[in-house]
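If you want the building blocks of each chain, they are given just below.
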Amino acid sequence: MARVKLKTIRLADPRALRAYAHPLRLALVGALRREGPLTATRAGELLGESPASCSFHLRQLAKYGLVEEAGGGRGRERPWRATALYTRLPRVAGTPEQAGASRLLYRVLADRYFAHLQHWLSGRNAEPRAWQKAAHFGDDMLYLTAGELAELGRRIDTLLQPYRRRTTHRARRPPGARRVTWLRLAFPGEDARGRTAGRPTRRRR
């Protein structure tokens, strides 16, 4: 398998964000990152989609630098590869257009995360006991400042770093290793009255 470049691509253009906000396009990029170069035909076999559909969406992804041709082949039989292993999205939107596009992409991603979780839960009882016990499911209520929350994210990144290279280096994966979906969600909640923290309360006149 040709290695995907261990780098991050940053999406800021609202057009790119909206183009990426498509379930099949997200799935295609994920497949290329996991499996290495794939033709539209092979990608369609893996994802249960037609080669024509995969070919169209790969070309759309290429417009914004998310995938590129790997060389060789013709038409739907030419291989494509991901240009980076990770995608970074705007955390703070700079324009209303970017805010709307980011919101759309985050919602599509959230739906995708939920679908992965539901798939695991539906087959959880058939998994080996070791994997059932090792899987994480739960939440914590923490009181943090914005700086502390950011620092917590950096610490988690540091912990995950040794395992990330296994994505593109099969030889580094120990026997019995499986692809694990690690979801990270942390955001300010509402106060006791159901109001979002940080938002001013409108006074009734």
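These remarks concern the structure in this document. Computed from a predicted model, the values in this text were never measured in an experiment.

### Details of helix 3 (residues 40–47)
In step 1: Taken residue by residue, helix 3 has Ala40, Ala43 and Gly44 as its buried positions. An end-on view of helix 3 places all buried positions within 100 degrees of arc, on one side of the element.
In step 2: On its buried face, helix 3 is in contact with helix 2 (23–35) and helix 4 (51–63).
In step 3: In the stretch just after helix 3, glycine 48 is the one whose phi turns positive, near 70 degrees.

### Description of the environment of threonine 39
In step 1: Mapped onto the elements, threonine 39 comes out in the loop between helix 2 and helix 3.
In step 2: In sequence terms threonine 39 and proline 51 are 12 residues apart; their C-alpha atoms lie 8.5 Å from each other.
In step 3: Setting aside its immediate chain neighbours within four residues, threonine 39 contacts Arg76, Glu77, Arg78 and Pro79.
In step 4: One polar contact links the side chain of threonine 39 to the main-chain amide nitrogen of arginine 42, over a distance of 3.0 Å.

### Details of the environment of leucine 32
In step 1: Turning to its location among the elements, leucine 32 is positioned in helix 2.
In step 2: Look at leucine 32 and you get buried, because its relative accessible area is 2%.
In step 3: A sequence separation of 35 residues divides leucine 32 from valine 67, and the C-alpha atoms of the two residues are 8.4 Å apart.

### Focus on the pattern of salt bridges
In step 1: With the rule as written, the count across this model stands at 9 salt bridges.
In step 2: In this structure, the salt-bridge partner of arginine 15 is aspartate 13, at a minimum N-O distance of 2.8 Å.
In step 3: Residue classification places arginine 15 among the exposed positions, given a relative accessible area of 58%.
In step 4: A relative accessible area of 28% places aspartate 13 in the partly exposed class.

### Focus on the side chain of arginine 78
In step 1: Among the secondary structure elements, arginine 78 is positioned in the loop between strand 2 (67–69) and strand 3 (80–82).
In step 2: Accessibility expressed as a relative area gives 17% for arginine 78, which makes it buried.
In step 3: Engagement of the side chain of arginine 78 in a polar contact is seen with the side chain of glutamate 69, the distance being 3.3 Å.
In step 4: Excluding residues within four positions of it along the chain, arginine 78 makes contact with Leu38, Thr39, Ala40, Arg59, Glu69, Gly72 and Gly73.

### Brief notes about the packing of helix 3 against helix 4
In step 1: As a packed pair, helix 3 and helix 4 sit with axes 8 Å apart at the nearest point and diverge in direction by 115 degrees. Taken together, helix 3 and helix 4 sit at an angle that is classed as roughly perpendicular. The way helix 3 lies across helix 4 gives a crossing that is right-handed. Of the residues in helix 4, those touching helix 3 at Ala40, Thr41, Ala43 and Gly44 are Pro51, Cys54, Ser55 and Leu58.

### Focus: the nonpolar core
In step 1: Counting residues in hydrophobic clusters, the biggest one holds 28 residues, and the most contacted among them are Tyr20, Val67 and Leu105.
In step 2: For this core, the elements supplying multiple residues, two or more each, are helix 1 (14–20), helix 2, helix 3, helix 4, strand 3 and helix 5 (96–123).
In step 3: Ranked by residues supplied to this core, first place goes to helix 2 with 6 residues.
In step 4: Apart from the residues lying within four places of it in its own chain, the contact partners of valine 67 are Val29, Leu32, Leu58, Leu61, Ala62, Trp80, Arg81, Ala82 and Thr83.

### What to know about the packing of aromatic side chains
Aromatic rings in a pair are described by how distant their centres are and how their planes are angled relative to each other.
In step 1: Inspection of every chain in the model, using the stated rule, returns 0 aromatic pairs.
In step 2: A cation sits over an aromatic face here: arginine 164 above tyrosine 86, 5.6 Å from the ring centre.

Each value, and the rule that gives it
- Residues numbered from 1 in each chain as written.
- Predicted model: local features only at pLDDT ≥ 70, side-chain atom pairs only at ≥ 80, totals over all residues.
- Heavy atoms only, no water.
- Buried < 20%, exposed > 50% of the residue type's maximum accessible area, 1.4 Å probe, protein only.
- Helix = DSSP H or I, 4+ residues; strand = E, 2+ residues; numbered from the N terminus.
- Arc of directions from axis to C-beta.
- Contact = heavy atoms within 4.5 Å.
- Polar contact = N/O pair within 3.5 Å; in protein donor to acceptor, adjacent residues only side chain to side chain.
- Salt bridge = Lys/Arg side-chain N within 4 Å of Asp/Glu carboxyl O.
- Axes fitted to C-alpha atoms, helices over the stretch in contact; angles between N-to-C directions.
- Parallel < 35°, antiparallel > 145°, perpendicular 65-115°, else oblique.
- Left-handed = near helix turned anticlockwise from the far one by under 90°.
- Core = buried A, V, L, I, M, F, W, Y, C linked by side-chain atoms within 4.5 Å.
- Phe/Tyr/Trp six-rings, centres within 6.5 Å; stacked < 30°, edge-to-face > 60°.
- Lys NZ or Arg CZ within 6 Å of the ring centre and 35° of its normal.

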